[in-house]
Amino acid sequence: RVSYQVDGTFFYLSPSFVRFDLKKLGDRKLLFGSNRGAFWVYTKEEGKYFCGRPDDPRELPEGVPRPDQIADALGLTPVQEDLSWDSLEFVSQRVESDHQELMFLERSPDGRAIVRKEYWLERSLPRSVSRVVFRDPDGVMVMEALLRDYSSVGDRGAILPRDVTA
């Protein structure tokens, strides 16, 4: 596991255009990017680019998310509203005293429900996303993002986390 204290520039145009450049003192540590047809990730530790198509779950280095997962992890992608038990993907929820957990599930070929993604929403104002979890088909956590210290962006009331640990 490698930890960096970095500064980043993030660009996101829904649904598939992402550029996230993470640097420490001007030295690039990670670069994530995607468009409609491809995604790419550069890691300084590996010293190379990894590329793939969004529909091709190519292996990335352990702990490195795909660019589309970054927008999800920041809580920027809209939650699908038309998911039901009858579809291959559906949403369930659990409500705790301090948070509401939205669980995005997929139906396996043998009919089992598999949790693929979780959003943890704070129940107190401003009701922000505090945690996002991605799981593999076996239910094993492959990425967790903790989102804290939200602040306003622009004059339209949007808020974004200033502290993201993934």
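Cut-off values and rules
- Residues numbered from 1 in each chain as written.
- Predicted model: local features only at pLDDT ≥ 70, side-chain atom pairs only at ≥ 80, totals over all residues.
- Heavy atoms only, no water.
- Helix = DSSP H or I, 4+ residues; strand = E, 2+ residues; numbered from the N terminus.
- Polar contact = N/O pair within 3.5 Å; in protein donor to acceptor, adjacent residues only side chain to side chain.
- Contact = heavy atoms within 4.5 Å.
- Salt bridge = Lys/Arg side-chain N within 4 Å of Asp/Glu carboxyl O.
- Pairing = 2+ DSSP bridges.
- Axes fitted to C-alpha atoms, helices over the stretch in contact; angles between N-to-C directions.
- Phe/Tyr/Trp six-rings, centres within 6.5 Å; stacked < 30°, edge-to-face > 60°.
- Buried < 20%, exposed > 50% of the residue type's maximum accessible area, 1.4 Å probe, protein only.
- Lys NZ or Arg CZ within 6 Å of the ring centre and 35° of its normal.
- Core = buried A, V, L, I, M, F, W, Y, C linked by side-chain atoms within 4.5 Å.

**As for the side chain of histidine 99**
- Here histidine 99 shows up in strand E7 (residues 99–107).
- A polar atom in the side chain of histidine 99 sits 2.9 Å from the side chain of aspartate 98.
- In this structure histidine 99 touches Arg94, Trp120, Leu121, Glu122 and Arg123, once residues within four positions along its chain are discounted.

**With respect to the pattern of salt bridges**
- Tallying each qualifying case throughout the model produces 10 salt bridges.
- Lysine 29 is the partner of aspartate 27 in a salt bridge, and the nearest nitrogen-oxygen pair spans 3.3 Å.

**Remarks on the sheet that holds strand E6 (residues 89–95)**
- Across the sheet, which stays open at both edges, the 6 strands sit in the order E6-E7-E8-E9-E10-E11 with antiparallel pairing between neighbours. The two strands at the open ends of the sheet, each matched to only one other strand, are E6 and strand E11 (158–165). Along the sheet, successive strands turn relative to each other by an average axial angle of 25 degrees, direction set aside.
- Bridge count between E6 and E7: 7 bridges; the pairing is antiparallel. Looking at the pairing, phenylalanine 90 lines up with leucine 105 of E7.

**Thoughts on the packing of aromatic side chains**
- A full pass over the atoms with the stated rule returns 5 aromatic pairs.
- Seen from their ring centres, phenylalanine 10 and phenylalanine 20 are 5.1 Å apart, and the 90 degrees between their planes marks the pair as edge-to-face. One end of the pair, phenylalanine 10, is in strand E1 (residues 7–13); the other, phenylalanine 20, is in strand E2 (residues 17–24), with 10 residues separating them in the sequence.
- Relative to tyrosine 119, the ring of phenylalanine 104 has its centre 5.6 Å away and its plane inclined at 75 degrees; by these criteria the two rings are edge-to-face. Taken together, the residues phenylalanine 104 in strand E7 and tyrosine 119 in strand E8 (residues 113–122) connect sequence positions 15 residues apart.
- Looking at phenylalanine 104, the relative accessible area reads 9%, which means it is buried.
- Assessed through its relative accessible area of 4%, tyrosine 119 is described here as buried.
- An aromatic cluster of three or more residues is present, and its members are Phe10, Tyr12, Phe20 and Phe32.
- The ring of phenylalanine 104 is capped by lysine 117, whose NZ or CZ atom sits 4.8 Å from the centre of that ring.

**Here's the deal with the environment of arginine 162**
- Among the structural elements, arginine 162 can be located in strand E11.
- Taking C-alpha positions, arginine 162 is 6.9 Å from serine 151, a pair spaced 11 residues apart along the chain.
- The contacts of arginine 162, once residues within four sequence positions are left out, are Arg148, Asp149 and Ser151.

**Digging into the nonpolar core**
- Within the largest apolar cluster, 17 residues are counted, with the highest numbers of intra-cluster contacts made by Phe32, Tyr119 and Val132.
- Those elements that place two or more of their residues in this core are E2, strand E3 (27–34), helix H1 (67–73), E7, strand E9 (129–135) and strand E10 (141–153).

**A few points about unusual backbone geometry**
- Positive phi is not limited to glycine here, since aspartate 149 has a value of about 55 degrees.
- Looking at the secondary structure, you find aspartate 149 in strand E10.

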